[in-house]
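# Chain and residue survey
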Number of protein chains: 2
Amino acid sequence: MSETSQLSVRRGVPALRARRLGLHTQHQAVVVMRTDCHVCRAEGLAARSQVLLTLRDRQVQATLFQIDGDLLSHGDVALSEAAWSLLGVTDGEQIHVSHPPSLDSLSSVRRRIHGNRLDESSLTSIVRDVVAGRYTDVHLAAFLTASSALPLDLVETAALTKAMVAAGDKLDWGRAVVVDKHSIGGLPGNRTTPIVVAIAAASGLLMPKTSSRAITSPAGTADTMETLTNVDLDIATMRRVVEAEGGCLAWGGAVRLSPADDIFIRIERVLDIDTEGQMIASVLSKKIAAGSTHVVIDIPVGATAKVRTKEAALGLSARLTDVAAQCGLTAVCKLNDGTQPVGRGVGPALEAADVLAVLQNLPDAPNDLRERACSLAGAVLELGGVADVGAGYQQALAVITEGRAWRKFQAICDAQGGMRSIPLAAHSQPFTAPRDGRVINMDNRRIARLAKLAGAPDAKAAGLRLDVRLGQEVQRGQPLFTMFSETSGEMAYATEYLERNPEIIKLGD
Amino acid sequence: MSETSQLSVRRGVPALRARRLGLHTQHQAVVVMRTDCHVCRAEGLAARSQVLLTLRDRQVQATLFQIDGDLLSHGDVALSEAAWSLLGVTDGEQIHVSHPPSLDSLSSVRRRIHGNRLDESSLTSIVRDVVAGRYTDVHLAAFLTASSALPLDLVETAALTKAMVAAGDKLDWGRAVVVDKHSIGGLPGNRTTPIVVAIAAASGLLMPKTSSRAITSPAGTADTMETLTNVDLDIATMRRVVEAEGGCLAWGGAVRLSPADDIFIRIERVLDIDTEGQMIASVLSKKIAAGSTHVVIDIPVGATAKVRTKEAALGLSARLTDVAAQCGLTAVCKLNDGTQPVGRGVGPALEAADVLAVLQNLPDAPNDLRERACSLAGAVLELGGVADVGAGYQQALAVITEGRAWRKFQAICDAQGGMRSIPLAAHSQPFTAPRDGRVINMDNRRIARLAKLAGAPDAKAAGLRLDVRLGQEVQRGQPLFTMFSETSGEMAYATEYLERNPEIIKLGD
């Protein structure tokens, strides 16, 4: 955020006292000034102007709101939490508020809107300004819309990936082979990552995994792992864990890898657009910044998954592999069944229970989760050069059955701060089959929505446990799934949604 | 803003007490709730969520911020001024805060992003949701970017124009011919409208003119007219003035004509994009909603005007005329010189002085303003059927020289509430020629910027008065222009800008 090159507070702009407002505005830097503030009048600043905050050698761009009355004293400027931490100010310090400089990179955004392709240097400037917080939502939406309306081509996608890597930190593990794995989202319960990391690390590979928290889903790998151990690792701790155990399961938010990605994702979520080029740059930039050299990508395919057809999956797979190669990364894509959730649990703690059952090689462990994890781990072992081609799956399975995966997983959790016991939900309620029949459809999107209404991922124990699989014959009154929540209010929300959407699991004859 | 069709507050969502925060956020509806608010937790609402506020039969969509500490009591929700007035709530009233319904029209925006053309029905839904405040900046920017990346075609531009008219009020004057005029912006001092209205009304035509305040310029017609009379007319007053005098000069903001236009313009200004289709829909929707049937459009052409080449002007002219015809409006475009400002004054009061000098037929009235006003008024007279083709200019000039324009202007001002005397600036400072030479260039954009730094349009008397014209020979030390401001601080801003941009008026040999 510091930008020494632009430190030119205009002559005569008086300083104001910074006040912490305790205002949570997500990422958005907001400042509040008095409606009758003399600086606003002198500078020509009005409500919702973009302003530049300067504290010594740091500058942050923020949105200005104005307030009537005496909540603020004359000479005060109140900062939102985001602005406060970005600027690194302490209460009562003198800061300057002025017009922000015009952004050269916006002319590239305008050129892109008007149909011109952008080169790596233009994209690098755009991403740098985005990460510095200089783009408003309007600018961000315009850039992402323009690069969806005329989709990013191969060259642009690779250039954007590199630009996103360059705008953050990059880890270096000093090894020729560093493996990673990624699942394209949208499939509830698809929690293979902890199992794959345990198998890869137990097999001698280096797999320093960083994962996200849930964005729109009921659980991300970081949410699930957090029910089992500490995932909030700084770089030094992460290094120590990986050097000792060959792998880790850390939350990516604590390290600054491809920070533009989080900003773009926030806007894409609002627009509900996620075009191929942006998605590829998002996935690959995180992997490259994490120091990975070889990555296996899981693409679930199904009508209610993110990728809906095999054709789309093959196209995405080819483009992912191409862009990865241009960025010096070896990628292999695996197409997988995306017609129903994986495992039984949906929600952080419920998914953690499935993961433990597989790792502990319990007889009632969900078979589909074990198979999918071994398939992906096998691909990782082959790609990492520790299994012959075609032998990865069996080798991965053996690591589980011999107990080596479970021991490695425990060792990693111990190194991260010790294992925790999985939280249990206070409230549970089964949803039973309204008739005899066969399970003919599962709606991944509505299953995810229901788990979120029950409180997942913030309420760690909340979510649902599926009691049937596709194709299974059920009898009237038999539980199809069980809902779990931490409060009765959330259970009521979930129940009400279910009444309006009874065909989350569809029965046929 | 009221939407009875969507009035379904979810069962069990408790009411909160509305508090007025006095927070100015421009158009944005914002609510602030406690970080530990039980409704937020129960509803899954986080900082910067979009929320739906419900008060009896009214609903407003707003952005949620959260605040720590005890500024708000438990059970309170604080509203920004925009949210407060849109919802029409009183302090302490019970309102509900919940998730907003999903917007069907956003799927049209997504289809447009992906390259599909939109029909009138889709555009109507989009514009209706925009006007109801249901689009965030992200959605607005996406829609405008998508319709710039793949420019609106003729059919879409006409459909958008009609949709924008339909989303607001429409005036009906019960006459077959209602004339209007519009100038494409970007040329300082181009204040012909008051003169044209006086001439048209004095010639028996109906010209119920609504004008905007300045958006990015140092003065809009409403700002200038406000120094001379009251322009804040409600519909009833406007009707009374027009029925008595045949014309009015009202601020358009007091009537709700094409309300989507103001919202789109705000976003376009941030992006600094103003593509042809959007601009045409903006201009024509306002005219149609105002009940006009015949409109003359002034297109200034010059390197630092909005339209930079004659080719661009001809293309714009053809498209404007076409779209107008599709919407049942007769439009005539006039290309005019846009290489330098019109008249002498730049800024509300300074432009008003020029207007009065022309209307009063004073010997030192700026000749270029008189000629341009007569040219446009002549076109209006011809289009309105009260002058023969080719005779309009001379007829308009005669209305001025015979004093009829001035009498009509005074009568209109009297009907609007009486004439005011033009305010005078407290501070003035000449800028003199640094050398002998000839004026070879005037930078319209920098002249406008300088007038704004001096305080225009908020400070009515601020701005500048040009003392030379293009081509004029000047001697070292002779004033090129004089700056006016209401405060010494604003004069300092303007002077400083001038030091950094001395070639606002360029001298050659």
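Further up the page is the structure itself.
All values derive from a computational prediction rather than experimental measurement.

All names here are of chain A. Along helix 9 (residues 235-245), the residues classified as buried are Met238, Val241, Val242 and Glu245. Take helix 9 and look down its axis: the buried residues cluster within an arc of 95 degrees, on one side only. Along helix 9, exposed side chains directed more than 90 degrees from the buried face belong to Ala236, Glu243 and Ala244. In this structure, the buried residues of helix 9 make contact with helix 7 (193-202), strand 9 (207-211), strand 10 (247-251) and helix 16 (404-416).

The next point concerns the packing of aromatic side chains. Residues and elements named next belong to chain A. Taken as a whole and judged by the stated rule, the model has seven aromatic pairs over all chains. Note on Phe143 and Phe264: the rings are 5.7 Å apart at their centroids and 35 degrees apart in plane angle, and the pair reads as tilted. Pair noted here: Phe143 is in helix 5 (residues 137-149) and Phe264 is in helix 10 (residues 259-271), with a separation of 121 residues, a long-range link. Among the residues examined, Phe264 registers a relative accessible area of 2% and is labelled buried. For the ring pair Phe431 and Phe481, a centre distance of 5.1 Å and an interplane angle of 20 degrees mean the geometry is stacked.

Grouped together as the largest cluster of nonpolar side chains are 79 residues, with contacts concentrated most on Ile195(B), Ile199(B), Leu284(B), Ile297(B), Ile299(B) and Phe409(B). With nine residues, the single largest contributor to this core is helix 14 (residues 367-383) of chain B. Apart from the residues lying within four places of it in its own chain, the contact partners of Leu284(B) are Thr161(B), Ile297(B), Leu320(B), Val323(B), Ala324(B) and Leu329(B). Met279(A), Val342(A), Ala405(A) and Cys413(A) belong to the second largest nonpolar core, which has 77 residues in total.

Right, let's talk about a positive patch on the surface for a bit. A surface patch of positive charge is lined by Arg269(A), Arg449(A), Lys452(A) and Arg500(A). Along the chain, Arg500(A) falls in helix 18 (residues 488-500).

Another point: the interface of chain B and chain A. Counting residues at the interface gives 48 residues for chain B and 49 residues for chain A. Summing the contributions of chain B and of chain A, the shared interface buries around 4,600 Å²; its carbon and sulfur component is 57%. For the pair chain B and chain A, the interface holds two salt bridges. Among the salt bridges present, the one from Asp137(B) reaches Arg48(A), with a minimum N-O distance of 2.9 Å. Our enumeration of links across chain B and chain A arrives at 14 residue pairs in polar contact (both at pLDDT 80 or more).

Residues and elements named next belong to chain A. In this model, Ala456 is joined to Pro457 through a cis peptide bond whose omega is 5 degrees. Note that Pro457 resides in the loop between helix 17 (444-453) and strand 16 (463-466). Even without glycine at this site, Asn361 takes up a positive phi of about 60 degrees. Looking at where Asn361 falls in the secondary structure, it is placed in the loop between helix 13 (348-359) and helix 14 (367-383).

Before going further, it helps to spend a moment on the environment of Gly75(A). All names here are of chain A. Positionally, Gly75 belongs in the loop between strand 5 (58-67) and strand 6 (76-79). For the pair Gly75 and Leu16, spaced 59 residues apart in sequence, the C-alpha separation works out to 5.1 Å. Residues in contact with Gly75, not counting those within four places in the same chain, are Leu16 and Arg17.

Attention shifts here to the sheet that holds strand 12 (residues 330-337) of chain B. Residue and element names in this part refer to chain B. Pairing is parallel in the open sheet, where three strands are placed in the order 8-11-12. Pairing within the sheet leaves two strands with one partner each, and these edge strands are strand 8 (179-183) and strand 12. Direction aside, neighbouring strands of the sheet carry axes that sit 20 degrees apart on average. Seen against the sheet, helix 11 (residues 276-289) touches strand 8 and strand 11 (294-301) and runs at an angle of roughly 155 degrees to strand 8. Running over the sheet, helix 14 touches strand 8, strand 11 and strand 12 and is turned about 150 degrees from strand 11.

The operation relating chain B to chain A is a screw motion whose rotation component is 180 degrees, with 0.0 Å of axial translation and a residual RMSD of 0.1 Å. What the superposition gives is, in effect, a two-fold axis relating one chain to the other. By residue overlap, the copies meet face to face through one surface: 100% of the interface positions of chain B are interface positions in chain A.

So, about the side chain of Ser258(A). Residues and elements named next belong to chain A. Here Ser258 lies in the loop between strand 10 and helix 10. Side chain to side chain, Ser258 and Ser285 meet in a polar contact 2.8 Å long. Those residues in contact with Ser258 that lie beyond four places of it in its chain are Met164, Ser285, Lys286 and Ala289.

Evaluation of the coordinates by the stated rule reveals zero disulfides over all chains. Between Cys333(A), a free cysteine, and Cys327(A), which holds the nearest cysteine sulfur, the sulfur-to-sulfur gap is 14 Å.

Once that is clear, we can look at the pairing of strand 11 (residues 294-301) of chain A. Residues and elements named next belong to chain A. In terms of burial, strand 11 is a largely internal element, eight of the eight residues being buried. Of the two faces of strand 11, both are covered, the one formed by His294, Val296, Asp298 and Pro300 as well as the one formed by Val295, Ile297, Ile299 and Val301. With five bridges joining them, strand 8 (residues 179-183) and strand 11 adopt parallel strand pairing. What sits directly across from Val179, in strand 11, is His294. Sheet topology places strand 11 next to strand 12 (residues 330-337); eight bridges connect them, and they run parallel.

Thresholds, definitions, all that
- Residues numbered from 1 in each chain as written.
- Chains lettered and ligands numbered in written order.
- Predicted model: local features only at pLDDT ≥ 70, side-chain atom pairs only at ≥ 80, totals over all residues.
- Heavy atoms only, no water.
- Buried < 20%, exposed > 50% of the residue type's maximum accessible area, 1.4 Å probe, protein only.
- Helix = DSSP H or I, 4+ residues; strand = E, 2+ residues; numbered from the N terminus.
- Arc of directions from axis to C-beta.
- Contact = heavy atoms within 4.5 Å.
- Phe/Tyr/Trp six-rings, centres within 6.5 Å; stacked < 30°, edge-to-face > 60°.
- Core = buried A, V, L, I, M, F, W, Y, C linked by side-chain atoms within 4.5 Å.
- Patch = residues over 30% accessible without salt bridge, like charges linked within 9 Å, V, L, I, M, F, W, Y side chains within 5 Å.
- Areas by Shrake-Rupley, 256 points an atom, 1.4 Å probe, with all protein chains shown as cover.
- Salt bridge = Lys/Arg side-chain N within 4 Å of Asp/Glu carboxyl O.
- Lys, Arg positive; Asp, Glu negative; His and termini not counted.
- Charge placed at Lys NZ, Arg CZ, Asp CG, Glu CD.
- Buried area = accessible area lost by both parts, 1.4 Å probe.
- Polar contact = N/O pair within 3.5 Å; in protein donor to acceptor, adjacent residues only side chain to side chain.
- Pairing = 2+ DSSP bridges.
- Axes fitted to C-alpha atoms, helices over the stretch in contact; angles between N-to-C directions.
- Least-squares fit on C-alpha atoms with pLDDT ≥ 70 in both.
- Disulfide = S-S within 2.5 Å.

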